[in-house]
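# Observations on chain architecture
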Amino acid sequence: MRVIAIDGPAGSGKSTVARRVADALGLAYLDTGAMYRSVAFAALHAGIDPADADAVADLAGRVDIDVATRVTVDGVDATDAIRGPEVTTAVSTVAANPRVRAEMVKRQQAWAAAHDGGVAEGRDIGTVVFPNADLKVYLTASEDERARRRAQELGQPAYDQVAADIARRDKVDSTRAASPMMVADDALVIDTTGRTIDEIVQEVLSKL
Ligand code: DC
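These figures come from a predicted structure and were not determined experimentally.

## Side note on the packing of helix 1 (residues 14-25) against helix 9 (residues 197-206)
- Direction vectors running N to C along helix 1 and helix 9 enclose 55°, while the axes themselves pass 10 Å from each other. Relative to helix 9, helix 1 is oriented oblique. Along this stretch, helix 1 crosses helix 9, giving a crossing that reads as right-handed. Every residue of helix 9 that contacts helix 1 at T16, V17, R20, V21, A24 and L25 is listed here: I197, D198, I200, V201, V204 and L205.
- Residues of the contact of helix 1 with helix 9, tallied by class, amount to nine nonpolar, one polar and two charged.

## Description of the environment of R169
- Mapped onto the elements of the fold, R169 is located in helix 8 (residues 159-175).
- Setting aside residues up to four positions removed in sequence, R169 forms contacts with A10, R37, T88, V91, S92, R123 and R150.

## Let's talk about the environment of A22
- Assignment of secondary structure puts A22 in helix 1.
- In this structure the C-alpha to C-alpha distance between A22 and E121, which are 99 residues apart in sequence, comes to 11 Å.
- Residue contacts for A22: discarding those within four places in its chain leaves L27, A28, Y29 and V119.

## A look at the sheet that holds strand 2 (residues 29-31)
- Strand order in the open sheet formed by five strands is 2-6-1-7-8, with parallel pairing between adjacent strands. The open sheet has two free edges, formed respectively by strand 2 and strand 8 (188-191), since each of these has just one partner strand. Sheet twist, expressed as the mean angle between neighbouring strand axes with direction ignored, is 20°.
- Where strand 1 (residues 2-7) and strand 7 (residues 135-140) come together, four bridges link them in parallel fashion. Bridge pairing in strand 7 links D7 to Y138.

About the criteria used
Residues numbered from 1 in each chain as written. Predicted model: local features only at pLDDT ≥ 70, side-chain atom pairs only at ≥ 80, totals over all residues. Heavy atoms only, no water. Axes fitted to C-alpha atoms, helices over the stretch in contact; angles between N-to-C directions. Helix = DSSP H or I, 4+ residues; strand = E, 2+ residues; numbered from the N terminus. Parallel < 35°, antiparallel > 145°, perpendicular 65-115°, else oblique. Left-handed = near helix turned anticlockwise from the far one by under 90°. Contact = heavy atoms within 4.5 Å. Nonpolar A, V, L, I, M, F, W, Y, C, P; charged D, E, K, R; others polar. Pairing = 2+ DSSP bridges.

Next comes the structure, spelled out in C-alpha coordinates:
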(Lines give C-alpha, C1' and ligand atoms only; values in the text may rest on other atoms or scores of the structure.)
Protein backbone atom coordinates (compact mmCIF):
# COMPACT_ATOMS: atom_id res chain seq x y z
CA MET A 1 0.00 0.00 0.00
CA ARG A 2 1.09 3.52 -0.75
CA VAL A 3 0.94 6.09 2.05
CA ILE A 4 1.70 9.80 1.84
CA ALA A 5 2.04 11.79 5.06
CA ILE A 6 1.42 15.53 5.04
CA ASP A 7 2.08 17.45 8.25
CA GLY A 8 2.24 21.10 9.21
CA PRO A 9 0.63 23.81 11.31
CA ALA A 10 -2.76 25.48 10.76
CA GLY A 11 -2.91 27.54 7.58
CA SER A 12 0.15 25.91 6.01
CA GLY A 13 -2.01 24.71 3.12
CA LYS A 14 -1.89 21.05 4.05
CA SER A 15 -5.59 20.24 3.64
CA THR A 16 -5.80 21.69 0.15
CA VAL A 17 -2.51 20.13 -0.94
CA ALA A 18 -3.33 16.74 0.62
CA ARG A 19 -6.73 16.61 -1.11
CA ARG A 20 -5.24 17.54 -4.47
CA VAL A 21 -2.41 15.01 -4.17
CA ALA A 22 -4.90 12.28 -3.21
CA ASP A 23 -7.07 13.12 -6.24
CA ALA A 24 -4.10 13.15 -8.59
CA LEU A 25 -2.98 9.72 -7.41
CA GLY A 26 -6.44 8.17 -7.01
CA LEU A 27 -5.81 7.61 -3.29
CA ALA A 28 -8.16 8.07 -0.34
CA TYR A 29 -7.73 11.22 1.77
CA LEU A 30 -7.88 11.51 5.56
CA ASP A 31 -8.09 14.73 7.59
CA THR A 32 -6.85 13.61 11.02
CA GLY A 33 -7.37 17.08 12.51
CA ALA A 34 -11.09 16.52 11.86
CA MET A 35 -10.86 13.38 14.02
CA TYR A 36 -9.41 15.29 17.00
CA ARG A 37 -11.99 18.02 16.41
CA SER A 38 -14.71 15.35 16.43
CA VAL A 39 -13.56 14.07 19.84
CA ALA A 40 -13.60 17.65 21.16
CA PHE A 41 -17.09 18.10 19.71
CA ALA A 42 -18.31 14.87 21.31
CA ALA A 43 -16.91 15.94 24.69
CA LEU A 44 -18.58 19.37 24.56
CA HIS A 45 -21.80 17.79 23.32
CA ALA A 46 -21.77 15.35 26.28
CA GLY A 47 -20.98 18.10 28.80
CA ILE A 48 -17.51 16.65 29.50
CA ASP A 49 -14.75 19.12 30.43
CA PRO A 50 -12.08 18.86 27.66
CA ALA A 51 -9.45 18.97 30.42
CA ASP A 52 -10.91 15.91 32.18
CA ALA A 53 -8.34 13.57 30.63
CA ASP A 54 -9.84 10.24 31.72
CA ALA A 55 -13.40 11.11 30.80
CA VAL A 56 -12.34 12.42 27.37
CA ALA A 57 -10.13 9.37 26.74
CA ASP A 58 -12.97 6.99 27.67
CA LEU A 59 -15.24 8.90 25.32
CA ALA A 60 -12.63 8.74 22.52
CA GLY A 61 -12.58 4.96 22.86
CA ARG A 62 -16.29 4.59 22.22
CA VAL A 63 -17.30 7.51 19.98
CA ASP A 64 -18.23 6.73 16.40
CA ILE A 65 -16.48 9.17 14.04
CA ASP A 66 -16.86 9.34 10.29
CA VAL A 67 -14.77 11.98 8.53
CA ALA A 68 -15.82 11.80 4.90
CA THR A 69 -17.27 14.72 2.90
CA ARG A 70 -19.54 15.29 5.89
CA VAL A 71 -18.27 14.73 9.41
CA THR A 72 -20.57 12.59 11.55
CA VAL A 73 -20.05 12.07 15.27
CA ASP A 74 -22.27 9.41 16.87
CA GLY A 75 -24.75 9.98 14.08
CA VAL A 76 -24.83 13.78 14.48
CA ASP A 77 -23.71 15.92 11.53
CA ALA A 78 -20.83 17.96 13.01
CA THR A 79 -19.33 19.23 9.73
CA ASP A 80 -19.77 22.91 10.57
CA ALA A 81 -19.58 22.66 14.36
CA ILE A 82 -16.08 21.12 14.35
CA ARG A 83 -14.77 24.29 12.65
CA GLY A 84 -16.53 26.60 15.12
CA PRO A 85 -14.86 28.59 17.89
CA GLU A 86 -15.87 26.29 20.79
CA VAL A 87 -14.29 23.21 19.22
CA THR A 88 -11.27 25.18 17.95
CA THR A 89 -10.63 26.42 21.49
CA ALA A 90 -10.97 22.95 23.04
CA VAL A 91 -9.20 20.82 20.44
CA SER A 92 -5.56 21.38 21.45
CA THR A 93 -6.29 20.16 24.99
CA VAL A 94 -8.04 17.09 23.62
CA ALA A 95 -5.21 16.44 21.12
CA ALA A 96 -2.61 16.66 23.92
CA ASN A 97 -4.29 13.75 25.74
CA PRO A 98 -2.04 10.66 25.23
CA ARG A 99 -4.88 8.13 25.45
CA VAL A 100 -6.92 10.07 22.91
CA ARG A 101 -3.90 10.11 20.60
CA ALA A 102 -3.31 6.37 20.99
CA GLU A 103 -6.93 5.70 20.01
CA MET A 104 -6.85 8.05 17.00
CA VAL A 105 -3.52 6.65 15.75
CA LYS A 106 -4.97 3.14 15.91
CA ARG A 107 -8.01 4.26 13.88
CA GLN A 108 -5.83 6.09 11.35
CA GLN A 109 -3.67 3.02 10.78
CA ALA A 110 -6.79 0.87 10.40
CA TRP A 111 -8.15 3.40 7.89
CA ALA A 112 -5.02 3.10 5.72
CA ALA A 113 -5.16 -0.70 5.84
CA ALA A 114 -8.83 -0.65 4.83
CA HIS A 115 -8.20 1.75 1.93
CA ASP A 116 -4.97 0.16 0.77
CA GLY A 117 -3.06 3.32 1.63
CA GLY A 118 -3.95 6.97 1.20
CA VAL A 119 -2.94 10.55 1.82
CA ALA A 120 -3.23 11.53 5.50
CA GLU A 121 -2.71 15.02 6.86
CA GLY A 122 -2.10 16.15 10.43
CA ARG A 123 0.69 16.94 12.87
CA ASP A 124 2.23 13.53 13.64
CA ILE A 125 1.53 11.55 10.49
CA GLY A 126 5.12 11.16 9.31
CA THR A 127 6.58 10.92 12.82
CA VAL A 128 4.14 8.59 14.60
CA VAL A 129 1.21 7.32 12.54
CA PHE A 130 3.04 6.24 9.38
CA PRO A 131 6.78 6.33 10.08
CA ASN A 132 7.30 4.18 6.97
CA ALA A 133 5.25 6.40 4.65
CA ASP A 134 6.35 6.40 1.00
CA LEU A 135 6.63 10.17 1.13
CA LYS A 136 6.58 12.61 4.06
CA VAL A 137 5.89 16.26 3.46
CA TYR A 138 6.01 19.04 6.05
CA LEU A 139 4.37 22.27 4.92
CA THR A 140 5.03 25.62 6.57
CA ALA A 141 4.26 29.26 5.82
CA SER A 142 4.91 32.53 7.60
CA GLU A 143 2.67 33.21 10.61
CA ASP A 144 1.20 36.21 8.86
CA GLU A 145 0.27 34.29 5.73
CA ARG A 146 -1.18 31.40 7.71
CA ALA A 147 -3.39 33.78 9.70
CA ARG A 148 -4.53 35.54 6.52
CA ARG A 149 -5.44 32.26 4.84
CA ARG A 150 -7.33 31.00 7.88
CA ALA A 151 -9.19 34.29 8.32
CA GLN A 152 -10.27 34.15 4.68
CA GLU A 153 -11.38 30.53 5.04
CA LEU A 154 -13.49 31.45 8.06
CA GLY A 155 -15.14 34.31 6.19
CA GLN A 156 -12.94 37.21 7.32
CA PRO A 157 -13.36 37.38 11.08
CA ALA A 158 -10.93 39.66 12.88
CA TYR A 159 -7.43 38.90 11.62
CA ASP A 160 -5.83 39.62 15.01
CA GLN A 161 -8.05 37.10 16.74
CA VAL A 162 -7.29 34.40 14.15
CA ALA A 163 -3.55 35.15 14.36
CA ALA A 164 -3.62 34.90 18.16
CA ASP A 165 -5.57 31.66 18.03
CA ILE A 166 -3.15 30.11 15.53
CA ALA A 167 -0.17 31.16 17.67
CA ARG A 168 -1.79 29.67 20.77
CA ARG A 169 -2.54 26.35 19.05
CA ASP A 170 0.94 26.16 17.47
CA LYS A 171 2.44 26.57 20.92
CA VAL A 172 0.26 23.92 22.57
CA ASP A 173 0.63 21.49 19.62
CA SER A 174 4.41 21.79 19.42
CA THR A 175 5.20 21.75 23.15
CA ARG A 176 2.88 18.97 24.34
CA ALA A 177 4.53 15.82 25.76
CA ALA A 178 2.60 13.32 23.60
CA SER A 179 3.85 13.31 20.01
CA PRO A 180 4.33 17.06 19.58
CA MET A 181 4.13 18.55 16.11
CA MET A 182 7.58 18.25 14.59
CA VAL A 183 9.34 17.69 11.31
CA ALA A 184 10.23 14.06 10.56
CA ASP A 185 13.95 13.61 9.79
CA ASP A 186 13.19 12.36 6.32
CA ALA A 187 10.40 14.82 5.46
CA LEU A 188 10.41 17.08 2.44
CA VAL A 189 9.95 20.57 3.96
CA ILE A 190 8.15 23.09 1.78
CA ASP A 191 7.58 26.73 2.69
CA THR A 192 4.32 27.64 0.93
CA THR A 193 4.53 31.39 1.61
CA GLY A 194 3.77 33.29 -1.59
CA ARG A 195 3.49 30.12 -3.67
CA THR A 196 0.47 28.73 -5.48
CA ILE A 197 -1.27 25.46 -4.61
CA ASP A 198 -0.46 24.15 -8.09
CA GLU A 199 3.26 24.68 -7.58
CA ILE A 200 3.22 22.87 -4.26
CA VAL A 201 1.15 19.97 -5.60
CA GLN A 202 3.53 19.59 -8.57
CA GLU A 203 6.55 19.64 -6.26
CA VAL A 204 5.05 16.93 -4.05
CA LEU A 205 4.08 14.74 -7.01
CA SER A 206 7.55 15.14 -8.52
CA LYS A 207 9.05 13.43 -5.46
CA LEU A 208 7.14 10.19 -5.98
O1 DC B 1 -5.52 20.63 11.36
P2 DC B 1 -6.56 21.12 12.34
O3 DC B 1 -6.44 22.57 12.70
O4 DC B 1 -7.95 20.75 11.95
O5 DC B 1 -6.24 20.28 13.69
C6 DC B 1 -6.98 20.46 14.86
C7 DC B 1 -6.13 20.21 16.07
O8 DC B 1 -5.83 18.82 16.20
C9 DC B 1 -4.81 20.96 16.08
O10 DC B 1 -4.80 21.95 17.07
C11 DC B 1 -3.76 19.92 16.37
C12 DC B 1 -4.48 18.63 16.50
N13 DC B 1 -3.95 17.56 15.63
C14 DC B 1 -3.01 16.73 16.17
O15 DC B 1 -2.58 16.92 17.29
N16 DC B 1 -2.57 15.67 15.44
C17 DC B 1 -3.01 15.46 14.20
N18 DC B 1 -2.55 14.40 13.50
C19 DC B 1 -3.96 16.34 13.62
C20 DC B 1 -4.41 17.40 14.38
